[in-house]
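Notes for the structure review
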Amino acid sequence: MLLAQSSTQAFEAILLSSVAAVLFFGIQSAVHASSDKTRAPSTSRILSLCLAPVALFKRRARAWMFLINGPEQIQEAYDKAKGKPFFVDVPENRYLVVSSWKHIKEIDAAPDSVLSLQGAAKEILQPKYTMSSFNWLDKRGAEGTPLIRTLRTMLTNHLPDVLPDIRRAMSGLLDGMYASHPVINGVKTSQLYPMVIKSISHSNALAFFGEDLVKNEKFMKAATLFIEQTLLIAEVLRLLPKSFSNPIGKFLSSRLNSSKIIFDTLHPIAAERIDEWAKAKLGYDVPERKDCIQWVMESAPKAKPWTAERIVYELIALWFGSVHITSTTVCFALHDLCLHPEYVEPLRKEIETAGWDKFDKSGGKCFPLLDSFMKESARLTPVESVSTRRMALQPFQLSDGPKIDVGQWVCTAARGMMNDAAFFASPDEFHGFRFANPSLLASAAEKNLIPAGLVPELTNSAASAFTDISDWQLWGTGKCACPGRYYASAVMKIMLGLFLTKYDMQLTDRDASRHFAWRTFIYPYEGTTAILTPREEAA
Ligand code: HEM
């Protein structure tokens, strides 16, 4: 109900802001055109002046259409560009999109003071209005990068301890949700995306904040709502002319205030941790804590320790960045399990043969067939069409190509590259075991663990892991590549493994559209349903 209400409010605001911005840009360009009176008019110049508003209108209309058909527009431009960089216009900005590894390396080599991931993230999230007045700096690392160390090192090393708890909790949640699902036309019918997002939210809360907060219903409700509210507020503000941002941003954040509930819950906990840490240094006995709140605090710069407030802001950003993308990616992998049922038995056998104990001890690294299946699913249905977004803090030019001005973005054509025969053989075909090691596949086929038909015969595809960053753009690039990817991969395996071992699965309508686009992103429809039959019933 709340979601529906906030969606309607935001929809109206988006509509109003769209009209306002079209008028704003239209008037601006008309003024600009009429003020250019230095040259004498010629017939062709008069004609082009007359046509300029039409061309401008077309360009602006296309930029606005990007909101609902961004992935298509990027793909169209990608196909035309044939590997060269190209520009796309969005309502409030211009993106330079690259698709060669040479250019991607150039982006990675640029210092943070020139190309900034944080600057782009700030534009997407509008933290001043969506994160209880927190205003990030544009430049990454200016206040240390404790969150990166927390995720890449501490959380990843802690996976063998936390994965069993996550699996137990997720299994219980799935059972509870399944039991509550309605029977429609005589068949129990389950909406997949709500199951996924609730499970991922709980897993992340457990891993990041510990068990106590997972039990806090008010907090969990606000934390789940926060993601939608952030996207809605940020979208409205991105589309409005800058002069309207402050009053409208303040108004929206006062109405959609889940971030305040999160802040008010986390702040006393972070303050207590700082207090405990100070006591520990003086030799007092304090509880041993192993969660992201603790690790962020301990990894902050020693010379300038972070305040409780600063720690909480970082955790809120972590929450936003981790729940949404993981839920959407795993949801499309679940759809793929329903659409390619021939993979179900081999994947079940892999999980049941290796066992969860081995999985936990490996920190989520085992199950190579499932790993490959997830990678193929994300390759063919990537949630994000672009990756490696960087905002120019100073003008930036590719070695042999176009230049971008301050404020414009450069990014990579992640989806285009993943679906291009130059990078992946037979790119339109789904081969769930495309990325598995060929010798592993041969031996599994020999032992009849997988049918020979599922061993792909592809020429230029090499074995690689889901978390690798060298052959695709899912996780971004180099020093900024996603530090949460080992955790994300492990949690996705747990979720898919639980669905595989608990249920036989079938989409209620396998031909129905399963997602819609907003900007560069695709979102799964909440209403996509599946018939899940508990395996003991099916037997
Ligand atoms: C399937 C799930 C996920 C995908 C596809 C994904 C993808 C990405 C991408 C593309 C980037 C930007 C990298 C760049 O621009 O070079 C990124 C950054 C980041 N991700 Fe993820 N991510 C996922 C899950 C997670 C999770 C679960 C966490 C936390 C545990 C996380 C934490 C972060 C953080 C903190 C950054 C910013 C890194 C920095 O500032 O250097 N992500 N992620």
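Residues numbered from 1 in each chain as written. Predicted model: local features only at pLDDT ≥ 70, side-chain atom pairs only at ≥ 80, totals over all residues.

Here's the deal with the overall build of the protein chain
Applicable threshold: Helix numbers and strand numbers start at the N terminus; a helix is a DSSP run of H or I with at least 4 residues, a strand a run of E with at least 2. Note on burial: count the other C-beta atoms lying within 10 Å of the residue's C-beta; 20 or more is buried, 12 or fewer is exposed, in between is partly exposed, and C-beta positions come from the backbone. Any two residues are considered in contact once their C-beta atoms, placed from the backbone, lie within 7 Å.
Helices and strands together make up the secondary structure of the protein chain, namely 20 helices and 14 strands. Counting over 539 residues, the protein chain shows a buried share of 40%. Long-range pairs, those at least 24 residues apart, make up 73% of the contacts in the protein chain between residues at least 6 apart in sequence.

Description of the nonpolar core
The tendency in soluble globular proteins is for nonpolar side chains to be buried side by side. Using the following cut-off: One nonpolar core equals one set of buried Ala, Val, Leu, Ile, Met, Phe, Trp, Tyr and Cys residues connected by C-beta atoms within 7 Å.
Among the nonpolar cores identified, the biggest contains 129 residues, and Val 97, Val 196, Leu 315, Ile 316, Leu 334, Val 410 and Leu 496 are the most heavily contacted of them. Not counting chain neighbours up to four residues away, the residues in contact with Val 97 comprise Ile 74, Pro 85, Phe 86, Val 88, Val 386, Cys 411 and Ala 413.

Concerning the site of the ligand
Threshold: Here, nearness is defined through the C-beta atom: a residue counts as near a molecule or strand if that backbone-placed atom lies within 6 Å of it. By the convention adopted, Pro, Cys, Tyr, Trp, Phe, Met, Ile, Leu, Val and Ala count as nonpolar, Lys, Arg, Asp and Glu as charged, and the other residues, Gly among them, as polar.
As a matter of local geometry, the ligand sits amid 25 residues, with Ser 322, Gly 476, Cys 480, Cys 482 and Gly 484 nearest to it. At the level of secondary structure, the elements contributing two or more residues to the shell around the ligand comprise helix H6 (146-180), helix H13 (308-339), strand E7 (387-392) and helix H19 (485-502). If one sorts the elements of the shell around the ligand by residue count, H13 sits on top with 6 residues. Residue classes in the shell around the ligand are distributed as 14 nonpolar, 9 polar and 2 charged.

A look at the UniProt feature "binding site: heme" (unreviewed entry) in the protein chain
This is how the line gets drawn: UniProt positions are given in the numbering used here, feature names are shortened, and annotations may be inferred rather than shown by experiment.
In the UniProt entry, the feature "binding site: heme" (unreviewed entry) is given for Cys 482. If you trace the backbone, Cys 482 turns up in the loop between helix H18 (438-446) and H19. Those residues within four positions of Cys 482 in sequence are excluded, and the remaining contacts are Trp 475 and Gly 476.

Here's the deal with the sheet that holds strand E11 (residues 503-507)
Backbone-to-backbone hydrogen bonds join strands into a sheet, with any given pair of strands oriented parallel or antiparallel. Under the convention used in this document: DSSP calls a pair of strands paired once it identifies at least 2 bridges connecting them.
As summarised here, the arrangement of the 3 strands in space is E6-E14-E11, forming an open sheet in which the pairing is antiparallel. Edge positions in the open sheet fall to strand E6 (190-191) and E11, since each of these has one partner strand only.

A closer look at the packing of helix H11 (residues 258-281) against helix H12 (residues 292-299)
Inclusion rule: Axis definition: a line fitted to C-alpha atoms, over the contacting stretch in the case of helices. Angles run 0 to 180 degrees between N-to-C directions. Roughly parallel means an angle under 35 degrees; roughly antiparallel means over 145; roughly perpendicular covers 65 to 115; every other angle is labelled oblique. If you view the pair so one helix is near and one far, a crossing is left-handed when the near helix is turned anticlockwise from the far one by less than a right angle, and right-handed when it is turned clockwise.
Where H11 meets H12, the axes come as close as 10 Å, and the angle between the chain directions of the two elements is 55°. One way to sum up the angle between H11 and H12 is to call them oblique. Handedness of the crossing formed by H11 with H12: right-handed. Side by side, H11 and H12 meet where Ile 269, Ala 270, Arg 273, Ile 274 and Trp 277 of the first sit next to Ile 293, Gln 294 and Met 297 of the second. For the contact of H11 with H12, the class distribution of residues is 6 nonpolar, 1 polar and 1 charged.

So, the pairing of strand E13 (residues 521-524)
Residues Ile 522 and Pro 524 of E13 are buried on one face, while the alternating residues Phe 521 and Tyr 523, pointing to the opposite face, are not. In terms of strand pairing, strand E12 (residues 515-518) meets E13 through 4 bridges, oriented antiparallel. For Trp 518, the partnering residue across the bridge sits in E13 and is Phe 521. The loop that links E12 with its antiparallel partner E13 comprises 2 residues; one of these, Arg 519, has a positive phi angle of about 55°.

Examining helix H10 (residues 242-255)
Keep this limit in mind: Between the first and last residue of a helix there are one fewer steps than residues, each counted as 1.5 Å, and that sum is the expected span. Here the bend at each residue means the angle between axes fitted to two seven-residue stretches, the one ending at that residue and the one beginning there.
For H10, which comprises 14 residues, the first-to-last C-alpha distance of 20 Å matches the rise-based estimate of 20 Å (1.5 Å per residue) to within 8%. Within H10, the axis deviates most sharply at Ile 248, by approximately 30°.

Digging into the pairing of strand E2 (residues 93-98)
Examined bridge by bridge, strand E1 (residues 86-90) and E2 share 5 bridges and lie antiparallel to one another. Its bridge partner lying in E2, Val 88 is registered against Tyr 95. Hairpin geometry of E1 and E2 is characterised by an intervening segment of 2 residues between the two adjacent antiparallel strands. Across 4 bridges, the pairing between E2 and strand E10 (residues 409-412) is parallel. Looking across to E10, one finds that Val 98 is bridged to Thr 412.

Description of the environment of Val 114
Within the secondary structure, Val 114 is located in the loop between helix H3 (101-109) and strand E3 (115-116). Exposure remark for Val 114: the 17 C-beta atoms within 10 Å place this residue in the partly exposed category. Residues Val 114 and Phe 396, spaced 282 residues apart in sequence, show a C-alpha to C-alpha distance of 7.0 Å. If near-sequence neighbours (up to four positions away) are discounted, Val 114 is found in contact with Ala 392, Leu 393, Gln 394 and Phe 396.

Structural notes on unusual backbone geometry
The backbone phi angle of Lys 82 is positive, close to 50°, even though this residue is not glycine. Residue classification places Lys 82 among the exposed residues on the basis of 9 C-beta atoms within 10 Å. Positive phi, close to 55°, is recorded for Arg 519, a residue that is not glycine. Structurally, Arg 519 can be placed in the loop between E12 and E13.

Thoughts on the sheet that holds E7
Taken in spatial order, the 5 strands line up as E1-E2-E10-E7-E3 in an open sheet, and their pairing is mixed. Each edge of the open sheet is held by one strand with a lone partner, namely E1 and E3. As paired elements, E7 and E10 share 3 bridges and run antiparallel to each other. Its bridge partner being in E10, Arg 390 is matched across the sheet by Val 410. Along the sheet, H3 contacts E2, E3, E7 and E10; its crossing angle with E7, the most-contacted strand, is approximately 50°. Each of E3, E7 and E10 is contacted by helix H4 (residues 117-125), which is oriented at about 95° to E7, the strand it contacts most.

Re the confidence of the model for the protein chain
We count it as follows: The quantity called pLDDT is the predictor's confidence in a given residue, expressed from 0 to 100.
Looking at the protein chain as a whole, its pLDDT mean stands at 89, while 89% of the residues score no less than 70. Per-residue pLDDT stays below 50 along residues 1-39; that stretch engages in 34 contacts with residues further than four places along the chain or on separate chains.

Remarks on the packing of helix H9 (residues 217-239) against H11
Contact geometry for H9 and H11: axes closest at 8 Å, N-to-C directions at 135°. Relative to H11, the element H9 lies oblique. Pair H9 / H11 crosses with left-handed handedness. For the pair H9 and H11, the contacting residues are Lys 218, Phe 219, Ala 222, Ala 223, Leu 225, Phe 226 and Gln 229 in the first and Ser 258, Ser 259, Ile 261, Ile 262 and Thr 265 in the second. For the contact of H9 with H11, a count of residues per class yields 7 nonpolar, 4 polar and 1 charged.

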